[in-house]
Every structure is written in structure tokens, then in C-alpha cells.
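In case you want the letters, here they are:
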Amino acid sequence: MIAPAVALSLLLLISSVPIFLVFGIGSSLVAIGELNLPWATLLQVSMGAVTKHVLIAIPLFIFAGLIMLRGGGARRLVDLSIALVGHWPGGLGIAMVLTMGFFAAFCGSILAAISAVGTILMPVMIERGYPRPFVVVLAAAAGLLEALIPPSNAAIIFSALTMTPVSRTFAAGILPGLVFMALLMVYVIWRCRHLDRPKRASTQERWQAFVAAVPGLVTPVLILGGIYLGLLTPSESAAVASFWAIIVGFLVYRELTWVGIWEALKSTAITTSVIFSIIAMATFLSVILTYTQTPQAIIKFFLEFGATQITFLFMIGVICMILGTFLEVVPIYYLTIPVFLGMISVLEIDIMQFYIVFGAFVGLGLLTPPVCVGVYTASAVIGEAPERAFREVPGFVLVGLIYAIIMIFFPIVSTWLPSQL
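So, here's what we can say about the structure. If you're wondering where the values come from, they're calculated on a predicted model, not measured in any experiment.

Cut-off values and rules
Residues numbered from 1 in each chain as written. Predicted model: local features only at pLDDT ≥ 70, side-chain atom pairs only at ≥ 80, totals over all residues. Heavy atoms only, no water. Helix = DSSP H or I, 4+ residues; strand = E, 2+ residues; numbered from the N terminus. Rg over C-alpha atoms; globule rule 2.2 N^0.38 Å. Buried < 20%, exposed > 50% of the residue type's maximum accessible area, 1.4 Å probe, protein only. Contact = heavy atoms within 4.5 Å. Areas by Shrake-Rupley, 256 points an atom, 1.4 Å probe, with all protein chains shown as cover. Lys, Arg positive; Asp, Glu negative; His and termini not counted. Charge placed at Lys NZ, Arg CZ, Asp CG, Glu CD. Phe/Tyr/Trp six-rings, centres within 6.5 Å; stacked < 30°, edge-to-face > 60°. Lys NZ or Arg CZ within 6 Å of the ring centre and 35° of its normal.

1. Focus: the overall build of the protein chain
Argument step 1. Along the backbone of the protein chain there are 21 helices and 0 strands.
Argument step 2. In summary, the protein chain has a C-alpha radius of gyration of 21 Å against a globular reference of 22 Å for 421 residues, a match within 12%.
Argument step 3. Across its three principal axes, the protein chain shows a C-alpha extent of roughly 70 × 45 × 45 Å.
Argument step 4. Every one of the 421 residues in the protein chain was classed for burial, and the buried ones make up 53%.
Argument step 5. Summarising the internal contacts of the protein chain: among those between residues at least 6 apart in sequence, 81% fall at separations of at least 24.
Argument step 6. Here the protein chain has roughly 17,700 Å² of accessible surface; of this, 70% comes from carbon and sulfur atoms.
Argument step 7. Charge centroids of the protein chain, computed over 18 positive and 16 negative side chains, lie 9 Å from each other.

Structural data, given as C-alpha cells:
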């Protein structure tokens, strides 16, 4: 049954069948037809995967970000970033990177960040003469900060898979996130150095923009402060962030409406159902890997190959980039991490370094065609044809490769903060 199941899964994937069905149909055929496992076993494992307490934080963080968008918080962050760096070479591009970084600190969803910040900034950048393809890919690349700067859905899912405390995984992404932001900003400055720059904002304009953005800037303090002071769990901090976003939208900015809340709830439900359906079906594959002892076989192969920490991390990078060209983040995590965990232990690789390097290469894969979700999302925001934006992808992939290499050869960037907890 294994060969027919694999062939059927590939056919379904090529046919654009939803990825959770690809996982579910192919894996269940092998589990039931080849391994003779009862349906009850698969359903129990699946239910256990989606009912982990830490996963409750995912819809709450998504909801908080969408409320900040509809309540006016995202626009204030954009205004603050433009006031601070808008006069720099490529200032509006740098403002997008900074705003994505701010927005990452209370959202956790890559696509939500691209939609929220891109809707506001991308039309302004195009109006100021920035090339449309560059604007699209910059938004997609900057959106990857959501996978690094806490809170991050990727970090929560990684913690659920590896039984690692979410607080450590969140901490691991802070310094790498800042490094990636800096690299993106350097590339934007170089790429946009010939474009016209607006005049420098006055001190009063900057102060006004800062005061207006303070309620939004307080949100990450509530989230991370509650977690690291031991006052709140990640799920509780996400609930506090959602409540705070509603208060700010209603009482401070007075832009949030009941219709806006309803739209945010609907978007949250759709996004969450997609994520959790993939998690539920991907666990079928983990059952197969456990019963067939596939991870042990892979560990034996790498040891006989003579893999070192560096070569193994680069091998992971190649695998993740290939998978990222046609799969999204969640299925890649559930497809590969259970297989790699044993090898990490054998080679004594710090799990926080693995998380950051793994995420870096998965992010690179998500930028490259054909299935580059971020580019398609950013293109849809401004009505640009995605294929026209592809010519800007190589420059950002180069930036991502430099970042990934830094994370491989300088593990202290990803391991220092978690070690202090």
C-alpha cells in the first residue's frame, strides 16, 4: 500500500487538493491498509494533537492582530515608522520592515501581517515611485518576521511538536528577528538608493506619531511581560492582548465597530480551521513514522554518512527549501520535525538553533515559486500579477541565505536569550 499511497498523495498535491486531505488520505491508507492500525488509534492521536493547551494561543493572537488592523492600531504603527525613517534612502521600504516587526509582536500570523501592513503601505510606496514587483516581494519577505519575533504561530507549533517551553522558543526568535530586520533594511537602502526621498519629519510630527502609536506599542509589553514574569501562560497573554486590542480600538482610537469585530472573528475562524485541520491530518503521518521506525533509519543513514552539525544543518536547509516551494509552513513542520528530532539529539545540536535555522530555510522556500504564499498574498493586496514579481525574488533569497548562514555559524544568536531564562 505504501507505493500507491505515495503516488496518490503526489497526484492529489499536483491537483491542488487541500493539503490536509493529502496528508489524511495518503497516511490513512498506509496506516490502515499496510500497518493494520484501527481508525480509533488515528483519531485518538489526531484529537490529542489539536487539543494541546498551548495551541489555544494561535487563534487568540491572530484575532488580536486583526482587531489592531480594524481598530486603527496598525495604521498608527505605519505612521510612526514613516515619521522615524521615511526620509532615509528607501525610507518607505524600511518603514515597512519596521512596521512588520512591530506588528509581529502582537499578531503571530504571516499572512495577517502582510494584509494589514501591506494594505496601508504598499499603495503609498507605489505612488512614491517604488517598483511594484519590489514592493510585493518586500512585503512577503518582511512578513517572515512574524515567524521569528514573538509571539509567533510557528514558535507555538514548534513547541507543541518538541515539548519545548513556548517562553524559550519565543526568546530564541528575538535576536535572529532583529538580525533579519537589519539585513532587509540594508538591502532596501542599497536597492532604493536612487529613489526620491520625502522631507524629514519634524520633532513635533515624530512625537505626535509616537504618542498615537503608544497603545499599540504597549501590546507586546503586555504579551511578553506577562509570559516572562511568570504571570501569564502564552494562551492567557494572547487573551489579554485580544482584550486590550478591543479596548484600544473602541475607546482610544474609536475606529473599531461591531462589524469589524465580526469580520475579525470570521477571518480568525477561517485561518484557525485551516491550521488545525492540517495539524489533525498531519498526525496520521507521525503515527506511520513511529510504527515504521523511519526516524531511526534516517539517523543511521546520516551517522554512516559522517554528518557533522554544520553539514546536517545545511542538509536540512536544502530539504526545507525544496519542500517550501510547494508546501506551507505548518505541513512542513509536521512532515519533517518528528523525523529530525532524533538526529538533533545525536549530533548535540541545540534545539533553539535548530528551530531558527529550520525556520530560516522554510521561509526561503516560501519566497520561491511556484507556491510562494506570501508573494501571492502581497500581489493580491495591490492587484499585481505574481509572475511579474518573481524577478525580484532572487535578491531577497540572497538576503535570506546570508541570514541562514549567520544562524548556522553563530548559534549564540539563537541560543543566548533562551539560556538566560
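2. Re the packing of aromatic side chains
The description of two aromatic rings rests on the distance between their centres and on the angle between their planes.
Argument step 1. For the coordinates displayed, the defined rule picks out 13 aromatic pairs.
Argument step 2. Taking the centre distance of 5.0 Å and the plane angle of 75° together, the rings of Tyr187 and Phe396 count as edge-to-face. Here Phe396 lies in helix α20 (residues 393-409) and Tyr187 lies in helix α10 (residues 166-191), a separation of 209 residues in the sequence.
Argument step 3. Here Phe314 and Phe409 contribute two aromatic rings whose centre-to-centre distance is 6.2 Å and whose plane-to-plane angle is 55°, an arrangement assigned as tilted. Taken as a pair, Phe314 in helix α15 (residues 309-324) and Phe409 in helix α20 lie far apart in primary sequence, 95 residues in all.
Argument step 4. The partly exposed category is assigned to Phe314, whose relative accessible area is 30%.
Argument step 5. According to the relative accessible area criterion, Phe409 is partly exposed, its value standing at 46%.
Argument step 6. Aromatic rings pair up to connect Phe158, Phe312, Tyr333, Phe340, Phe354, Tyr355 and Phe358 into one cluster.
Argument step 7. Over the face of the ring belonging to Tyr253 we find Arg76, whose NZ or CZ atom lies 4.1 Å from the ring centre.

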